[in-house]
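Given next are the chains, with one letter for each unit.
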Amino acid sequence: MKLMLVGRHVAAVAAAGVLLAGCGGSASKGGDGPDPKASGSPERGGRAAGGGETGATGATGKPDAKESTLPGALPSAYEFTPDPARVPKDAARARELTRGAALGEADWTAGMVRHTPYESGGTWPVLADSCVWSRSALPDGVLDSFTRRLDVPARDGRGRVQGAVTVTVHRSVAGAEKEIEDTVQESFRCPRQELGGGQHLSGLMSLRFDQKDVRNADASLFEAGKYTGPESGGIQDYVWTKSRIGPVTTAVSVKGAKGYKNSDLLRIAAEGGAKVLYRVELELK
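In what follows, the accompanying structure is described.

Parameters at a glance
Residues numbered from 1 in each chain as written. Predicted model: local features only at pLDDT ≥ 70, side-chain atom pairs only at ≥ 80, totals over all residues. Heavy atoms only, no water. Helix = DSSP H or I, 4+ residues; strand = E, 2+ residues; numbered from the N terminus. Buried < 20%, exposed > 50% of the residue type's maximum accessible area, 1.4 Å probe, protein only. Areas by Shrake-Rupley, 256 points an atom, 1.4 Å probe, with all protein chains shown as cover. Expected span 1.5 Å × (residues − 1). Core = buried A, V, L, I, M, F, W, Y, C linked by side-chain atoms within 4.5 Å. Contact = heavy atoms within 4.5 Å. Polar contact = N/O pair within 3.5 Å; in protein donor to acceptor, adjacent residues only side chain to side chain. Phe/Tyr/Trp six-rings, centres within 6.5 Å; stacked < 30°, edge-to-face > 60°. Lys NZ or Arg CZ within 6 Å of the ring centre and 35° of its normal. Disulfide = S-S within 2.5 Å. Arc of directions from axis to C-beta.

Right, let's get into the overall build of the protein. The helix and strand inventory of the protein stands at four helices and 11 strands. The burial tally for the protein puts 55% of its 285 residues in the buried class. When the accessible surface of the protein is totalled, it reaches about 11500 Å², and 54% of it is carbon and sulfur.

Here you go:
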């Protein structure tokens, strides 16, 4: 793994990231303000994880000689290639893909409900030098970016967990890769960030996985820190993942709440990340 972290926090973030990278789905095919953070540089782009094929065939449906034959095993390498005819070349097809791939309330994890606002799209979050997020028009290299927000409701003495998933389509693989690269640097430039509406992130640390450790995407990264906001009930854990398949990036963020452990948030993020990557593959195959 390519780690740019120091101290004991490194081991914790790295271990959590490995957990997310190793999580598999059933298959590998297929807050208000700028959250989840989807952008890197405003010029070319900006953050998800989990998931993989079980069984004896890879994402292309062909036998994979590198894949373990153990029941439920993940493939030993990611070898999915998008069908060029299915890769969006204009905004209309990009919007079709982002809406088809983004998770709804029945798609992520049991019991989730719509956040208010639920959907947003057509704009781009930008992290200023002041470490405050704002929104701008989509950059030229981005065909579409679309976000859905889903929450685990407060119950049984536990608070409301806020989740969000963003799907972004770039004009090129290079643009999507630049988004991944820029994203890793944001936490080092701004370990404390303001999301708007009184929401803050702090203690942010990021890692990008070595490609040999990624089984369900062309690239993946993981970020962790602390979150506070008007309804957070104090300082809570925050996890965020981003992945890339071809020119498409997916981002999943989970803001913690009272009564939830970091491991609970990792499970929610891994499940969401795996499922949205599966849906992206379905859109591209």
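So that's the structure; there's more coming.
We now examine helix 3 (residues 173-189). In an α-helix, one turn spans 3.6 residues; hence positions three or four apart end up facing the same way. For helix 3, spanning 17 residues, the distance from its first C-alpha to its last is 25 Å, which sits close to the expected 24 Å at 1.5 Å a residue. By the burial criterion, the buried members of helix 3 are G175, A176, E177, K178, E179, I180, D182, T183, V184, E186 and S187.

Counting residues in each nonpolar core, the largest one holds 39 residues, and the members touching the most others are W108, V161, V167, I245 and V254. For this core, the elements supplying multiple residues, two or more each, are helix 2 (91-101), strand 5 (142-152), strand 6 (161-170), strand 9 (219-228), strand 10 (236-245), strand 11 (248-255) and helix 4 (262-284). Looking at this core, the element that brings in the most residues is helix 4, giving eight residues. Non-local contacts of I245, meaning those with residues more than four positions away in its chain, are made with Y78, F80, N216, A217, D218, L277, V280, E281 and L284.

Position of R148 among the secondary structure elements: in strand 5. Within polar-contact distance, the side chain of R148 engages the backbone oxygen of A102 at 3.0 Å. Filtering out sequence-adjacent residues up to four positions away, R148 remains in contact with R99, A102, L103, G104, Y118, E119, G163, A164 and V165.

Further remarks concern the packing of aromatic side chains. Summed over the entire model, instances satisfying the criterion amount to one aromatic pair. Geometrically, the ring pair formed by Y78 and F80 is tilted, given 6.4 Å between the ring centres and 50° between the ring planes. With respect to burial, Y78 and F80 carry one shared label: buried. The residue whose ring lies beneath R158 is Y260, and the NZ or CZ to ring-centre distance is 3.9 Å.

On to the state of the cysteines. Counting across every chain of the model gives one disulfide. One disulfide in the model links C131 with C190; its S-S distance is 2.0 Å. In this structure, the disulfide formed by C131 and C190 twists by about -80° around the S-S bond and is classed as left-handed. On the criterion of sequence distance, the pair formed by C131 in the loop between strand 3 (123-127) and strand 4 (133-137) and C190 in the loop between helix 3 and strand 7 (193-196) is long-range, its members being 59 residues apart. According to the relative accessible area criterion, C131 is buried, its value standing at 13%.

Right, let's get into helix 2. What helix 2 keeps buried is the set R93, A94, L97, T98 and A101. Buried positions in helix 2, seen along its axis, are confined to an arc of 135° and lie on one side of it. Buried positions along helix 2 lie against strand 5, strand 6, strand 11 and helix 4. For helix 2, the side-chain oxygen to backbone nitrogen distance between the N-cap and A92 is 3.3 Å, and the N-cap itself is D90.

In this section: the environment of E79. With respect to the helices and strands, the residue E79 is situated in the loop between helix 1 (8-22) and helix 2. Residues E79 and D218 lie 139 residues apart in sequence; the distance between their C-alpha atoms is 8.4 Å.

Once that is clear, we can look at the environment of R86. With respect to the helices and strands, R86 occurs in the loop between helix 1 and helix 2. On the basis of relative accessibility, which here comes to 29%, the residue R86 falls in the partly exposed class. Residues R86 and L97, 11 residues apart in the sequence, show an inter-C-alpha distance of 9.4 Å. Among residues more than four places away in sequence, those in contact with R86 are R93, L282, E283, L284 and K285.

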